[in-house]
Amino acid sequence: MNTTTINLIMAGRRQRRRRFVLITSLLGVISCLLCFSMLYFGNTIYPVKDIVRVLLGEEVKGLTFTMKTLRLPRMLAGLLAGFAFGLAGSTFQTMLRNPLANPDVLGITSSASVAAVFCILILHTSEAVVSIAAFIASLASVALLYLLSRRKVFSIGRLVLVGIGLDAMFGSLITYLLKIGAEYDIPSAFRWLSGSLNGSQLDELPPLAITVLVCTPILVLMGKRLSLLELGEQSASTLGIHTDRTRLVLIISSVCLIAIATATTGPIAFVAFLAGPIAKRLVGVGYSTVIPAGLIGVILVLGADLIGQYAFETRFPVGVITGILGAPYLIYLLIRMNRKGDF
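Every value quoted in this text rests on a predicted model; they were computed, and no experiment measured them.

A. The overall build of the chain, seen in detail. Looking only at helices and strands, one finds 14 helices and 0 strands in the chain. Seen in sequence order, the chain has helices and strands lined up from the N terminus as α-α-α-α-α-α-α-α-α-α-α-α-α-α. In terms of overall dimensions, the chain is globule-like: its C-alpha atoms have a radius of gyration of 21 Å, near the 20 Å expected for 343 residues. Relative to its 343 residues, the chain shows a buried fraction of 49%. Accessible surface, the chain: about 17,300 Å² in total, of which carbon and sulfur atoms supply 66%. Of note, the chain has its 29 positive side-chain charges centred 15 Å away from the centre of its 16 negative side-chain charges.

B. Representation of the side chain of S110 within the structure. Among the structural elements, S110 can be located in helix α4 (residues 108-123). Judged by its relative accessible area of 9%, S110 falls in the buried class. Beyond its immediate stretch of four places on either side in the chain, S110 contacts D167, F170 and I174.

C. Focus on unusual backbone geometry. Phi at H124 takes a positive value of approximately 55°, unusual for a residue other than glycine. Along the chain, H124 falls in the loop between α4 and α5 (127-149). For H124, a relative accessible area of 45% corresponds to the partly exposed category. In this structure, F270 takes a positive phi of about 70° despite not being glycine. Note on placement: F270 falls in the loop between α11 (243-265) and α12 (271-283).

D. Representation of a nonpolar patch on the surface. Residues F118, I122, L123, Y176 and I180 make up a contiguous nonpolar surface patch of about 460 Å² in total accessible area. When contributions to the nonpolar patch are tallied by element, the ones reaching two or more residues are α4 and α6 (156-180). The element contributing the most residues to the nonpolar patch is α4, with 3 residues. Examined against the element boundaries, I180 turns out to sit in helix α6. Residue I180 is classed as partly exposed on the basis of its relative accessible area, which comes to 44%.

E. Looking closely at the pattern of salt bridges. For the structure shown, the criterion picks out 3 salt bridges. One salt bridge connects R53 with D50, and the closest N-O pair in it is separated by 3.1 Å. Of this pair, R53 and D50 both sit in helix α2 (residues 48-55), 3 residues apart, which is roughly one turn of that helix. What makes D50 buried here is its relative accessible area of 14%. For R53, a relative accessible area of 33% translates into the label partly exposed.

F. A look at the packing of helix α3 (residues 63-96) against helix α13 (residues 290-310). Two numbers describe how α3 lies on α13: the axes approach to 7 Å, and their chain directions differ by 135°. Judged on the interaxial angle alone, α13 and α3 are oblique. In this structure, α3 meets α13 at a crossing whose hand is right-handed. On α13, the residues that touch R74, M75, G78, L79, G82, F83, G86, L87 and S90 of α3 are V290, I291, A293, G294, L295, G297, V298, V301, L302, D305 and Q309. For the contact of α3 with α13, a count of residues per class yields 11 nonpolar, 7 polar and 2 charged.

G. Summary view of the packing of aromatic side chains. Per the stated rule, a full pass over the model turns up 4 aromatic pairs. For the pair F36 and Y40, a centre-to-centre distance of 5.5 Å together with 20° between the ring planes defines the contact as stacked. Residue F36 and its partner Y40 are both found in helix α1 (residues 3-40); the two are separated by 4 residues, about one turn of the helix. When its relative accessible area of 34% is taken as the criterion, F36 is described as partly exposed. Aromatic side chains F270 and F273 sit 5.8 Å apart centroid to centroid with 50° between the ring planes, which places their arrangement in the tilted category. For F270, a relative accessible area of 17% puts it in the buried group.

H. The packing of α4 against helix α7 (residues 186-194), seen in detail. At a minimum axis distance of 9 Å, the contact between α4 and α7 shows a crossing angle of 160°. Judged by the inter-axis angle, α4 sits roughly antiparallel to α7. Handedness of the crossing formed by α4 with α7: right-handed. Here A112, S113, A116, V117, I120 and L121 of α4 come into contact with α7, specifically with I186, S188, A189, W192 and L193.

Basis of the calculations
- Residues numbered from 1 in each chain as written.
- Predicted model: local features only at pLDDT ≥ 70, side-chain atom pairs only at ≥ 80, totals over all residues.
- Heavy atoms only, no water.
- Helix = DSSP H or I, 4+ residues; strand = E, 2+ residues; numbered from the N terminus.
- Rg over C-alpha atoms; globule rule 2.2 N^0.38 Å.
- Buried < 20%, exposed > 50% of the residue type's maximum accessible area, 1.4 Å probe, protein only.
- Areas by Shrake-Rupley, 256 points an atom, 1.4 Å probe, with all protein chains shown as cover.
- Lys, Arg positive; Asp, Glu negative; His and termini not counted.
- Charge placed at Lys NZ, Arg CZ, Asp CG, Glu CD.
- Contact = heavy atoms within 4.5 Å.
- Patch = residues over 30% accessible without salt bridge, like charges linked within 9 Å, V, L, I, M, F, W, Y side chains within 5 Å.
- Salt bridge = Lys/Arg side-chain N within 4 Å of Asp/Glu carboxyl O.
- Axes fitted to C-alpha atoms, helices over the stretch in contact; angles between N-to-C directions.
- Parallel < 35°, antiparallel > 145°, perpendicular 65-115°, else oblique.
- Left-handed = near helix turned anticlockwise from the far one by under 90°.
- Nonpolar A, V, L, I, M, F, W, Y, C, P; charged D, E, K, R; others polar.
- Phe/Tyr/Trp six-rings, centres within 6.5 Å; stacked < 30°, edge-to-face > 60°.

Pasting the structure below:
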């Protein structure tokens with residue numbers, strides 16, 4: 001390999017690094033601006049200096065209650081849940097080498113919804129029990145998904161098909177529960193199913209915050225192995241990757257993020273589905289899209305919540321807006337994959 005070729009390779013690597021740093025920094029700035037917008041906008045517009053004073057722990061009459069009870073919990077819930085959904089969705093899609101292989105399509109999110117709706121409509125439990133049930137159901141659905149799709153050789157196509165079947169089954173169960181539930185409980189179930197930041201409280205967020213802080217470094221450190229899994233089962237094994245062990249760690253970390261985020265905010269539609277492809281398109285090849293996908297998840301959730309709250313005469317939950325954004329992309333993706341013969 002001559003000097004000219006080496007220089008070209010190094011120049012390409014530097015260009016990709018600059019692009020990654022620039023895009024990630026820009027996404028971080030946009031996320032910070034949206035976080036500030038969540039704190040700033042509302043029925044009353046408060047001076048920025050007063051908002052900063054409250055965040056630093058001072059008491060400001062009128063603003064302290066609004067900030068600590070309403071705006072700050074809402075912003076933090078959107079920030080943490082969006083990052084968790086984006087991170088986990090991108091990991092699933094990269095690991096399984098299929099843009100359809102995300103928690104929204106594989107039945108992981110809908111299994112949590114079944115458990116939550118059952119607790120709300122049938123058992124009439126507290127919100128804490130609803131969250132715990134949603135978390136346990138997500139983990140159980142992943143175990144079932146893996147068992148049904150696992151044979152002598154792991155098959156991505158089989159896993160996706162089994163996941164779509166489970167998602168359809170869970171969707172039918174949700175419809176059945178809504179039919180037999182008491183009328184006065186239906187609105188609560190629908191609010192949970194739509195995915196919403198309404199009613200978020202600071203004391204509900206520590207489990208999600210801890211999960212994000214623990215699982216994010218794991219997924220970042222596993223970034224190289226995740227990229228090798230994208231090459232295929234045989235290629236990854238040839239390069240020294242223990243595919244089953246690596247996939248197990250990635251799945252457990254991703255499912256924990258999805259389960260806790262869903263238990264906290266409800267199933268915010270299509271965030272996990274959209275974040276990964278957008279991150280790959282922006283960052284390009286050569287670098288892990290784990291962190292950019294998490295930041296895009298934050299942007300989608302906070303941006304959609306702001307649109308739902310202030311762009312229309314009627315206020316809409318964040319999941320309604322993300323659903324409107326994600327549904328056309330899903331249809332486009334299905335058409336494109338069908339033309340390519342991926343089905």
